[in-house]
Every structure is written in structure tokens, then in C-alpha cells.
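# Observations on the three-dimensional arrangement
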Amino acid sequence: MIIGPDFVWLHLPKAAGTETEAVLRGAAGNDKRIAFDPIDLDNVIWHHSIRERMDYQPRFRPAGRRILCNLRRLPFWVISWTEFCY
């Protein structure tokens, strides 16, 4: 999840999230108002839903923010997921 002052970007598995994160990091520059979840396999929070984030971080409120995410068409998502698992 990437949280900005006026948006929340949800990282859906196998939907170009790593590439999108790189683009957003480049566009954000040093803007400290934008928080990028750490990639930590021992604490996987970057795939949180809005509800999971609110439970995990009680002060988080999505109100007034645009909710953004990437989608991949089903056949391509299945292929990507299969190749990832293989």
C-alpha cells in the first residue's frame, strides 16, 4: 500500500505492483507526505485491504482519499500467478 495525502494505492498481487511502485517513487521524489510500505516477507502489510489497514493502524482513515489500484485481466493474472508460484 502507498498512502498519500489525497490517495491510497492498493497493491494487488501479480498486477504490476512492483513496476507501479517504482513509477510512483520516481514521481514522488522526496515528498515525505507519501508513505511506501516496506517489502518485508516476515510482515506482509503491502497487500492490506482498507479494512486490514484500519485494523493494523487504527489512526489510518481513508476518508477523502481516492482509492487506486492496478487490475490485470483474468487470463493474464492466472498466467502470472502460475509462473510466480512455479
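These numbers come from a predicted model, not from an experiment.

So, on to the pattern of salt bridges. A pair can form between side chains of opposite charge whenever their charged atoms are brought close. Tallied over the full model, the rule gives 5 salt bridges. Its salt-bridge partner being Glu21, residue Arg25 comes within 3.0 Å of it at the nearest N-O pair. Of the two residues, Arg25 and Glu21 are both situated in helix 1 (residues 17-28); the distance of 4 residues between them amounts to about one turn of the helix. Residue class for Arg25 comes out partly exposed when judged on its relative accessible area of 41%. A residue is classified by how much of its surface remains accessible, and Glu21, at 13% relative accessible area, is buried. When the shortest N-O distance is used, the salt bridge between Arg33 and Asp31 registers 2.9 Å. The class for Asp31 is partly exposed, based on a relative accessible area of 24%.

Here we come to the environment of Ala16. One can find Ala16 in the loop between strand 2 (7-10) and helix 1. Assessed through its relative accessible area of 35%, Ala16 is described here as partly exposed. Linking Ala16 and His48, residues 32 residues apart in sequence, is a C-alpha distance of 16 Å. Setting aside anything within four residues of it in sequence, one finds Ala16 in contact with Asn70 and Arg72.

With that out of the way, let us pick up the packing of aromatic side chains. Inspection of every chain in the model, using the stated rule, returns 2 aromatic pairs. Taking 5.6 Å as the distance between ring centres and 40° as the angle between the ring planes, the aromatic pair formed by Trp81 and Phe84 counts as tilted. Linking Trp81 with Phe84, this pair stays in helix 3 (residues 74-85), spanning 3 residues, or about one helical turn. Grouping aromatic residues by their ring pairs yields a cluster made of Trp77, Trp81 and Phe84. In this structure, Arg25 is placed above the aromatic ring of Phe36, and the distance from its NZ or CZ to the ring centre is 4.1 Å.

Quick look at helix 1 now. With 12 residues, helix 1 extends 16 Å from end C-alpha to end C-alpha; this agrees with the ideal 16 Å at 1.5 Å per step. If you check which residues of helix 1 are buried, you get Gly17, Thr20, Glu21 and Ala28. For helix 1, the arc enclosing every buried residue in end-on projection is 100°, short of the 170-degree limit, so these residues lie on one face. Looking at helix 1, the residues exposed on the side facing more than 90 degrees away from the buried face are Thr18, Glu19, Val23 and Gly26. Structurally, helix 1 contributes buried residues whose contacts are with strand 1 (2-3), strand 2 and strand 3 (35-36).

Calculation criteria
- Residues numbered from 1 in each chain as written.
- Predicted model: local features only at pLDDT ≥ 70, side-chain atom pairs only at ≥ 80, totals over all residues.
- Heavy atoms only, no water.
- Salt bridge = Lys/Arg side-chain N within 4 Å of Asp/Glu carboxyl O.
- Helix = DSSP H or I, 4+ residues; strand = E, 2+ residues; numbered from the N terminus.
- Buried < 20%, exposed > 50% of the residue type's maximum accessible area, 1.4 Å probe, protein only.
- Contact = heavy atoms within 4.5 Å.
- Phe/Tyr/Trp six-rings, centres within 6.5 Å; stacked < 30°, edge-to-face > 60°.
- Lys NZ or Arg CZ within 6 Å of the ring centre and 35° of its normal.
- Expected span 1.5 Å × (residues − 1).
- Arc of directions from axis to C-beta.

Read these as layout, nothing more, since geometry by itself doesn't imply function.
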